[in-house]
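# Understanding the architecture of this molecule
Next come the chains, spelled out residue by residue.
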Amino acid sequence: MTTTLTFAVQGRDPELVAPAAPTPREIKRLSDIDDQDTLRGHVPTVFFYRGERRRRAAADDPAAVIRRALGEALVPYYPLAGRLREVEARKLVVDCTGEGVLFVEADADVRLAELEAAAAGLKPPFPYMDQLLYDVEGSSGVVGCPLLLIQVTRLLCGGFVFALRLNHTMCDAAGLAQFITAVAEIARGLPSPTITPAWSREILVARSPPRPSFPHHEYDAAPPKPMPTPTLPSDTVSRTRRTFTFTRADIATIKDSLPPYLRDRTTTFEALAAAIWRARAAALDLPADEELRLAFVANFRRVRELGIPAGYYGNACVAVIAVTTAGALRAGELAGAVELVREAKAAVTAEYVRSTADFLVLRGRPSVAPAANLLFVSDSRQAGFHRVDFGWGEPVYGGPVHTQPGTVLLISVRNGDGEDELVVAIMLPQPAMDRFASEIKMLVKGGSGSNPA
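Values in this document were obtained by computation on a predicted structure and should not be read as measured data.

## Observations concerning unusual backbone geometry
Across the junction of P124 and P125, the peptide omega takes the value 5°, indicating a cis bond. Mapping P125 onto the fold places it in the loop between helix 2 (112-118) and helix 3 (129-132). S208 connects to P209 through a cis peptide bond whose omega is -5°. Looking at where P209 falls in the secondary structure, it is placed in the loop between helix 4 (173-187) and strand 10 (239-246).

## Quick word on the pattern of salt bridges
According to the stated counting rule, one finds 31 salt bridges in the structure shown. Of the charged contacts in the structure, one is a salt bridge between E72 and R68, with a shortest N-O distance of 2.9 Å. Within this pair, E72 and its partner R68 are both found in helix 1 (residues 62-73), separated by four residues, close to a single helical turn. Here E72 falls in the partly exposed class, since its relative accessible area comes to 30%. Put simply, E86 and R90 hold a salt bridge, and the shortest N to O gap is 4.0 Å. A relative accessible area of 41% places E86 in the partly exposed class. Sharing partners across several salt bridges, the network here consists of R12, E15, D61, R67, E105, D107 and R154.

## Concerning the side chain of D358
When you line up the elements, D358 lands in helix 10 (residues 350-362). Within the structure, D358 has its side chain in polar contact with the backbone nitrogen of R211 (distance 3.1 Å). When near neighbours in sequence (up to four residues on either side) are disregarded, D358 contacts A206, R207, P210, R211 and P212.

## Considerations on the sheet that holds strand 6 (residues 92-95)
Note: strands within a sheet are paired through backbone hydrogen bonds, in either parallel or antiparallel orientation. In space, the three strands of this open sheet follow the order 3-6-5, with antiparallel pairing throughout. Edge strands, defined here as strands with exactly one partner in the open sheet, are strand 3 (27-29) and strand 5 (83-86). On average, each strand axis in the sheet is inclined to that of its neighbour by 35°, with strand direction left out of account. In this sheet, strand 6 lies alongside strand 5 in antiparallel orientation, the contact comprising four bridges. Residue L84 lies in a different strand from strand 6, and its bridge partner there is V94.

## With respect to helix 1
Here helix 1 spans 16 Å end to end across twelve residues, near enough to the 16 Å set by a 1.5 Å rise per residue. Those residues of helix 1 hidden inside the fold are in contact with strand 2 (15-17), strand 7 (101-108), strand 8 (148-154), strand 9 (160-167) and helix 4. Among the residues of helix 1, the N-terminal cap falls to D61, whose side-chain oxygen and the backbone nitrogen of A63 are separated by 3.2 Å.

## A word on the nonpolar core
Among the nonpolar cores identified, the biggest contains 66 residues, and F246, L272, L294, F300, L410 and F436 are the most heavily contacted of them. Ranked by residue count, the leading element in this core is helix 7 (residues 268-284), at eleven residues. Core analysis: the second largest hydrophobic core is formed by 48 residues, V65, L148, I180 and F385 among them.

## A few points about the packing of helix 1 against helix 4
Across the interface, helix 1 lies against helix 4 with an axial gap of 8 Å and an inter-helix angle of 120°. By the angle between their axes, helix 1 is oblique relative to helix 4. The handedness of the crossing between helix 1 and helix 4 comes out as right-handed. Seen from helix 1, the contacting residues are V65, I66, R68, A69, L70, E72 and A73; seen from helix 4, they are F179, A182, V183, I186 and A187. Across the contact of helix 1 with helix 4, the residue classes break down as ten nonpolar, no polar and two charged.

## Regarding the sheet that holds strand 15 (residues 407-414)
Across the sheet, six strands lie side by side as 10-16-15-13-11-12; this open sheet has mixed pairing. The sheet terminates laterally at strand 10 and strand 12 (317-325), the two strands that pair on one side only. Direction aside, neighbouring strands of the sheet carry axes that sit 25° apart on average. As defined by bridge partners, strand 11 (residues 291-299) adjoins strand 13 (residues 374-379) across four bridges and the pair is classed as parallel. Looking at the pairing, L294 lines up with L375 of strand 13.

## Digging into the side chain of R293
Mapped onto the secondary structure, R293 falls in strand 11. A polar side-chain atom of R293 sits 3.0 Å from a polar atom in the side chain of E291.

## Details of the confidence of the model for the protein chain
In this model, the protein chain carries a mean pLDDT of 89, and residues with pLDDT of at least 70 account for 91%. In the predicted structure, residues 224-236 sits below a pLDDT of 50 and forms six contacts with residues beyond four places in sequence or in another chain.

## Here we look at the packing of aromatic side chains
Taken as a whole and assessed by the stated rule, the structure comprises 17 aromatic pairs. Ring plane angle 45° and centroid distance 4.8 Å describe the contact between F162 and F390, whose orientation is recorded as tilted. One end of the pair, F162, is in strand 9; the other, F390, is in the loop between strand 13 and strand 14 (397-400), and 228 residues separate them in sequence. Taken as a pair, F162 and F390 share a single burial class, namely buried. Aromatic ring contacts, followed pair by pair, group F47, Y49, F160, F162, F385, F390 and W392 into a single cluster. The ring of W199 has R201 lying over it, and the distance from NZ or CZ to the ring centre is 3.9 Å.

How each quantity is defined
Residues numbered from 1 in each chain as written. Predicted model: local features only at pLDDT ≥ 70, side-chain atom pairs only at ≥ 80, totals over all residues. Heavy atoms only, no water. Helix = DSSP H or I, 4+ residues; strand = E, 2+ residues; numbered from the N terminus. Salt bridge = Lys/Arg side-chain N within 4 Å of Asp/Glu carboxyl O. Buried < 20%, exposed > 50% of the residue type's maximum accessible area, 1.4 Å probe, protein only. Polar contact = N/O pair within 3.5 Å; in protein donor to acceptor, adjacent residues only side chain to side chain. Contact = heavy atoms within 4.5 Å. Pairing = 2+ DSSP bridges. Axes fitted to C-alpha atoms, helices over the stretch in contact; angles between N-to-C directions. Expected span 1.5 Å × (residues − 1). Core = buried A, V, L, I, M, F, W, Y, C linked by side-chain atoms within 4.5 Å. Parallel < 35°, antiparallel > 145°, perpendicular 65-115°, else oblique. Left-handed = near helix turned anticlockwise from the far one by under 90°. Nonpolar A, V, L, I, M, F, W, Y, C, P; charged D, E, K, R; others polar. pLDDT = per-residue confidence, 0-100. Phe/Tyr/Trp six-rings, centres within 6.5 Å; stacked < 30°, edge-to-face > 60°. Lys NZ or Arg CZ within 6 Å of the ring centre and 35° of its normal.

What follows is the structure in structure tokens.
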């Protein structure tokens, strides 16, 4: 649970941080995976630091150090200092103007320990992000706006908060982490980033003419069904956000419930996504014939046939879905849900990626279709946000800011003993949240969960 915390933040006027050296003035086209409607928006990320100065002089100011490193990192990553333009057929291109990214320096009269207490141990949701990441006027558009907004807020205890908002068409989570790590490396004193950035967006351009070879139902809306009228008072059906922490032992318990043939082949993501999907279906108590969709993004950087180079920082993910009914999901074993997740992942071949790019162009770059019973699982654990070190040690928390209805976040955190744990952030109506918590408790105790009615 979160508690009410009141504090003041004094921010300086926003400034543009441009590349520290001259950069090419050119037009670069985004890929046809980058500029779909699903990604045309800004996504926030936040990092909390205790301010340990093991590698820094006591007088070092994190805002000044990061501002300087940001300008230097923007030299090799110069497209991020440009502005998006829309050309023929809604195609997005980057005008590499070198104008820079927005930077805000601020001070807050609060200590990190107080923020931890208010946010239940620095896990989403963070109720005070509007102060730690100001919405600078004119910065939230997709076209013609800065592609990054960064705020560094110093805390009374010597710690600081590094928060940012990124235009998602430019990078996925792995690409953003690569850029922020480059800034962090320069801040720590490295002469240049250890990973050389690669643009290479032409690899993911639709074929001419486009010829999709898969149906791509993730972009098709599910048939609408009338929703039953709630019988509970309105205040009892309000949505609530909550996080659930899974230790390695918890994950092992969930995997141990799978049959032997599946247990050793199932990843943590596959097991947990399937378990959450079943628990949510049981918690919402949907009609047995209701269609349920589980969607997630699959990273295709390792699909060799595509030739994605090391250092690629664009969007290298495609959305995939698994489909079943509420009755089948609740009545079946966890293994059945895991198989559905694994089948969806296995579909992501080089041809599937090319087919997606073709489909997006033919359909006018649509968004993943909304549906009443769609659950979208976003997994940022492999991006490396929790390892970003500007010279004051690794963050207490680094990752997404909040979740939305129909979305689940999987996040890596470290507990007080320095051990890695997995946090699941979810939003549900309050009565359903209570049932979801019971399902999860049963799972990690070795029960099957989601018992058929």
